[in-house]
Amino acid sequence: MPIAGDPEAADPRLLEAAEAVADGGAVDWASQAAESPELAGALEELQMLAQMHGALRSLEGDAPSIERTVLFRWGELEVLAKLGEGHSGEVWSAWDPALEREVALKLAHEGERRSNALEEARRLARVRHPNVLAIHGVDVRDGRAGLWMERLEGSTLEQLLSSQGVLGAREAAGVGIELCRALAAIHATGLVHGDVTTRNVMRERGGRIVLMDLGSGTVSGDLAVGSLTGTPLSSAPELLTGAAPDARADLYALAVLLFRLVTGEYPVTADSLDALRAAHASGVRRSLRAARADLPTGFVAAVEHGLIADPAQRYADAGAFEAALAEAMMPVAAGVVTTAPVRSQKLQAWGVGVLVTAAVVAVLAWIGRPREAVTTSEAGAQNPVASSVPIPQVVPSAPSSVTPALPPSIAALEFLRGRDGTAEAVQSGALVRVGDELWMRMATREAAHVYVFNEDDAGEVYALFPVSGTSQANPLEPGAKRELPGAREGETLHWQVSSPAGRERFLVIASRKPLAAVERAVAALSPASADAPLTYAAVNDTLMAALRGVGRMRPATPMHETSGRLDALVAELSMTDGVWLRRYELVHEVR
Amino acid sequence: MTPDEAQPPAAKPPLDSTAVLIDRYRAGDQGARDALFARYLPVLQRWAHGRLPAAARNLADTGDLVQVTLLRALSHVHEFDSQREGAFLAYLRRGLLNGIRDQLRRAAVRAPSGIDPEALASHEPSPLESVMGAETLAAYEAALARLPSELQEAVIMRVEFGYTWPEVATALGRPTPNAARMLVTRALARLAEDMHAHRR
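Residues numbered from 1 in each chain as written. Chains lettered and ligands numbered in written order. Predicted model: local features only at pLDDT ≥ 70, side-chain atom pairs only at ≥ 80, totals over all residues. Heavy atoms only, no water.

1. Some points on the overall build of chain B
Move 1: Of the regular secondary structure elements, chain B holds 11 helices and zero strands.
Move 2: When its helices and strands are written in sequence order, chain B yields α-α-α-α-α-α-α-α-α-α-α.
Move 3: Within chain B, contacts between residues at least 6 apart in sequence are counted, and of these 68% link residues at least 24 apart.
Move 4: Approximately 8,800 Å² of chain B is accessible, and the part contributed by carbon and sulfur atoms is 52%. (Helix = DSSP H or I, 4+ residues; strand = E, 2+ residues; numbered from the N terminus. Contact = heavy atoms within 4.5 Å. Areas by Shrake-Rupley, 256 points an atom, 1.4 Å probe, with all protein chains shown as cover.)

See the structure below:
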């Protein structure tokens, strides 16, 4: 029997993106990939499908019979309207009868050295990458050199910056990652872009990030072409003193772009080229940390590294910059244990509630044997990462049925994992992976107050149960087996592993009596309601202190140690009469 | 709610009569054949529009190719046993795709000797190939073929043929437009996962 209604249900985040594609709506692919790096490959394919969907609609719309006003012809192309003009030429919209679609035609100014323009354009035409504007062709017609390329609909990053303000770190990192890939493709052909700025990057309607205006592209290290082809404020300092453009200069410009995306400003400003050179020479530049104190440290470090004046100290290549950005955002993605991006409509359709955990050690606690059953997991016993807190008594975990390890007040307890349409009782040390669903089945012989927490690799603790608005609430009545976290609006809810981590840990506390401090903490944390997606809230240090205050007090364990917060709680509760504990640690598969 | 969803399936033409039309045509009703032609010719012509490279368009008009394909498909309609409109459309699409490949091969045969037909075909991208790239399109076709038939039809109808949600619901026998939407959503997600898994 499928756990989730659909035995082959995809990741909810992938499904949400797929839904937008099906609707023909926009998807912020960069942000999606940055938030869900484990889905990046599938999202990339989905983006391709979105492009195909859009292209087919566009091709249908480009019926040959549509009348167009042709201003003039350039070879086979029917030139329709002028889109703009830059230092190296004019850009027109044109109809390509061979491709049967509208294209952008860039015509070099008359007098432009044709051989240079053609040679560069031919090289650029060899760059094929989803994040680089596609060049359809290059030629000289009627004495004018030109290249025609895909026509994009969207806004430049500069326009977005003006209309919507600065970006957050995650969104900017997503843009940066896509631009790193674009630059890697360009650099692989021996070219450099030469003018990576917010004006030369388009965010298409569908969310695709496209690096444009390759007209400044030059051969890496080619001094003859001239070193300062780009925007001075985005140019690497060595270019201002005559060095040849290379990949590292492009990466510096990308770091400037990211700086600008999150601050709206340039790291180094000046009124003239000489002043700019002087500013670089003196090492005077804005600090990203000072400009945006709220940005994650990893993101700040990744951008600052790209802005190092000495090119030898910067990223060696675009791949290194991409890796730094991805790594910088990983803790943010992994630490998010809030609401899954799932609407109730989907819950109904899929027959399952999806909750997000990042998490953890499972500590199950039962009523009945005071001071007895704080349990280390089997994995924990073998693994030095597990609890460092003294544990009064080690009892084997008993996940699937009534065993001698269960206290008299607990009739049954199962900790279940759902995967690929099958449910399986798991014990500590079991493997989990993103997408797995987890839940508990429990029967008590007397009323029990149960609380579930988890802890992620970053040491953050989250409250998972009880959750308001669900069918299960404290105290759990004795008798039949009950599933935690319960159901909402008739839909069974499970916890779902939604982000990669080293370990998944659960903490469940049970007590014959309500644990007042825990109750207050959980009530303060749980914003879920019957008509909103369930959200797990982080337990901050203050609340952790309150939780540890349950029962008899003992000195608080220092809270800065990762993976130590729940251990401290376990230690505290193990000293409390009528409270039972057991811990499980599940390990993420390495694939 | 999307604009499509606001429109109940009943408001659209009775697409579910395709099975009836096929049965009538099998029984020799030429009017049913004309009705099938009228229904599917424009749909398939639009679909073929982006699939034929310029070289092939010089050899056979898209409309002719679609008509020939449709005639051929109907002459073999006894092989078609599904009652789903979506399955019939997928069947026609398969026939048209084969027809396009035949045209490309013929074009290559008539090319000067020494030119590899496959190479000729690959050097003359269709508009869709120009946008997507031949490799991606091939990966898409392969992954599509690996999907269960109902999910294949869901993707084809929505993504390739641009059917509205009510139309997809009717053609695939789904109770509501939203149910059709969920089916397409799941199909796209699985397709993307499969493409990724096979390209690694």
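Let us keep going from here.
2. Focus on the overall build of chain A
Move 1: In terms of helices and strands, chain A carries 17 helices and 25 strands.
Move 2: Residues classed as buried in chain A amount to 55% of the 591 residues present.
Move 3: In chain A, the proportion of contacts linking residues at least 24 apart, taken out of those at least 6 apart, comes to 69%.
Move 4: For chain A, the computed accessible surface area is about 22,700 Å², with 52% contributed by carbon and sulfur atoms. (Buried < 20%, exposed > 50% of the residue type's maximum accessible area, 1.4 Å probe, protein only.)

3. Re the interface of chain A and chain B
Move 1: With 37 residues of chain A at the contact, the number on the chain B side is 34 residues.
Move 2: For the pair chain A and chain B, the two sides together bury roughly 3,200 Å², of which 64% comes from carbon and sulfur.
Move 3: If you look at where chain A meets chain B, you find two salt bridges.
Move 4: Here A:D23 makes a salt bridge to B:R181, at a shortest N to O gap of 2.8 Å.
Move 5: The greatest single-element share of the side of chain A that touches chain B, amounting to 14 residues, is contributed by helix α3 (residues 40-61) of chain A.
Move 6: Of the residues contributing to the side of chain A that touches chain B, the split by class is 20 nonpolar, four polar and 13 charged. (Buried area = accessible area lost by both parts, 1.4 Å probe. Salt bridge = Lys/Arg side-chain N within 4 Å of Asp/Glu carboxyl O. Nonpolar A, V, L, I, M, F, W, Y, C, P; charged D, E, K, R; others polar.)

4. Quick look at the environment of A:R181
Residues and elements named next belong to chain A.
Move 1: Relative to the helices and strands, R181 is located in helix α6 (residues 169-188).
Move 2: R181 gets classed as partly exposed once you look at its relative accessible area, which sits at 25%.
Move 3: Once the C-alpha coordinates of R181 and H129 are considered, the two residues, 52 residues apart in sequence, prove to be 8.3 Å apart.
Move 4: The contact partners of R181, leaving out residues within four places of it in the chain, are E44, H129, N131 and E322.

5. Observations regarding the sheet that holds strand β1 (residues 72-74) of chain A
Residue and element names in this part refer to chain A.
Move 1: Taken together, the six strands give an open sheet; going across it, the order is β1-β2-β3-β4-β6-β5, and neighbouring strands pair in antiparallel fashion. On the outer flanks of this sheet lie β1 and β5 (135-141), each paired with one strand and no other. Neighbour-to-neighbour, the strand axes of the sheet open up by a mean angle of 40°, direction not taken into account.
Move 2: Pairing between β5 and strand β6 (residues 144-150): six bridges, direction antiparallel. The partner of I135 across the bridge, within β6, is M149. (Pairing = 2+ DSSP bridges. Axes fitted to C-alpha atoms, helices over the stretch in contact; angles between N-to-C directions.)

6. So, the nonpolar core
If you look at soluble globular proteins, the nonpolar side chains tend to sit buried side by side.
Move 1: Ranked by size, the top nonpolar core spans 78 residues in total, and within it A:L46, B:F88 and B:L188 carry the most contacts.
Move 2: In this structure, A:L46 is in contact with A:L14, A:A17, A:A18, A:V21, A:W29, B:L188 and B:A192, ignoring residues within four places of it in sequence.
Move 3: Counting 56 residues, the second-largest nonpolar core is a separate cluster that includes A:A185, A:V201, A:L258 and A:V303. (Core = buried A, V, L, I, M, F, W, Y, C linked by side-chain atoms within 4.5 Å.)

7. A word on the packing of helix α1 (residues 12-23) of chain A against helix α11 (residues 177-199) of chain B
Move 1: Viewed as axis vectors pointing N to C, α1(A) and α11(B) meet at an angle of 115°, and their least axial separation amounts to 8 Å. Crossing geometry of α1(A) relative to α11(B) is assigned as right-handed. Along its contact with α1(A), which presents A:L14, A:L15, A:A18, A:E19, A:V21, A:A22 and A:D23, the element α11(B) presents B:R181, B:M182, B:V184, B:T185, B:R186, B:L188, B:A189 and B:E193.
Move 2: Taken together, the residues that form the contact of α1(A) with α11(B) break down as nine nonpolar, one polar and five charged. (Left-handed = near helix turned anticlockwise from the far one by under 90°.)

8. So, unusual backbone geometry
Working note: non-glycine residues mostly have negative phi, and peptide bonds are mostly trans.
Move 1: With an omega dihedral of -5°, the bond running from A:N474 to A:P475 counts as a cis peptide bond.
Move 2: Mapped onto the elements of the fold, A:P475 is located in the loop between β19 (461-465) and β20 (482-484).

9. A look at the confidence of the model for chain A
It should be kept in mind that the predicted coordinates are not to be read in detail where pLDDT is low.
Move 1: Chain-level statistics for chain A give a pLDDT mean of 69 and a share of 63% at 70 or above.
Move 2: With pLDDT under 50 throughout, residues 526-538 of chain A is counted as low confidence; its partners more than four residues away or in other chains account for 48 contacts. (pLDDT = per-residue confidence, 0-100.)

10. Some words on the environment of A:A40
Residues and elements named next belong to chain A.
Move 1: Tracing the backbone through its elements, the reader meets A40 in helix α3.
Move 2: Since its relative accessible area comes to 17%, A40 is described here as buried.
Move 3: Note: C-alpha distance between A40 and A30 (10 residues apart in sequence) is 9.3 Å.

11. Overview of the packing of aromatic side chains
Each pair of aromatic rings is reported with the distance of its centres and the angle of its planes.
Move 1: Going through the model one piece at a time under the given rule, you end up with seven aromatic pairs over all chains.
Move 2: Ring geometry for B:W47 and B:F161: centres 6.0 Å apart, planes at 15°, overall stacked. Taken together, the residues B:W47 in helix α2 (residues 30-49) and B:F161 in the loop between α9 (149-160) and α10 (165-172) connect sequence positions 114 residues apart. Take B:W47 and B:F161: they sit in the same class, and that class is buried.
Move 3: Feature note: the residues B:Y40, B:F88 and B:Y91 constitute an aromatic cluster, connected by ring pairs.
Move 4: The ring of A:W74 has A:R141 lying over it, and the distance from NZ or CZ to the ring centre is 5.3 Å.
Move 5: Between B:R158 and the ring centre of B:W165, over which it is positioned, the NZ or CZ distance is 3.9 Å. (Phe/Tyr/Trp six-rings, centres within 6.5 Å; stacked < 30°, edge-to-face > 60°. Lys NZ or Arg CZ within 6 Å of the ring centre and 35° of its normal.)

12. Considering the side chain of A:E304
Residues and elements named next belong to chain A.
Move 1: Take E304: it is sitting in helix α11 (residues 297-306).
Move 2: Side-chain polar atoms of E304 contact the backbone nitrogen of L288, separated by 2.9 Å.
Move 3: Once residues within four sequence positions are removed from consideration, E304 is found in contact with R285, S287, L288 and R289. (Polar contact = N/O pair within 3.5 Å; in protein donor to acceptor, adjacent residues only side chain to side chain.)

13. Topic: the sheet that holds strand β7 (residues 154-156) of chain A
Residue and element names in this part refer to chain A.
Move 1: The three strands lie next to each other as β7-β9-β10, forming an open sheet whose pairing is antiparallel. Because the sheet does not close on itself, it has two edges, and the strands there are β7 and β10 (209-211). Taking each pair of neighbouring strands and ignoring which way they run, the sheet shows an average axis angle of 25°.
Move 2: The strands touched by α6 are β9 (201-204) and β10; relative to β10, the strand with the most contacts, the crossing angle is about 40°.

14. A short note on the pairing of strand β3 (residues 89-96) of chain A
For a regular strand, the rule is simple: side chains alternate between the two faces of the sheet.
Residue and element names in this part refer to chain A.
Move 1: The buried count for β3 comes to seven of eight residues, which makes it a mostly enclosed element.
Move 2: Where strand β2 (residues 77-85) meets β3, six bridges bridge the pair, whose relative direction is antiparallel. Of the residues in β3, the one forming a bridge with E85 is E90.
Move 3: Where β3 and strand β4 (residues 101-108) come together, eight bridges link them in antiparallel fashion. Bridging across to β4, E90 finds its partner in L107.

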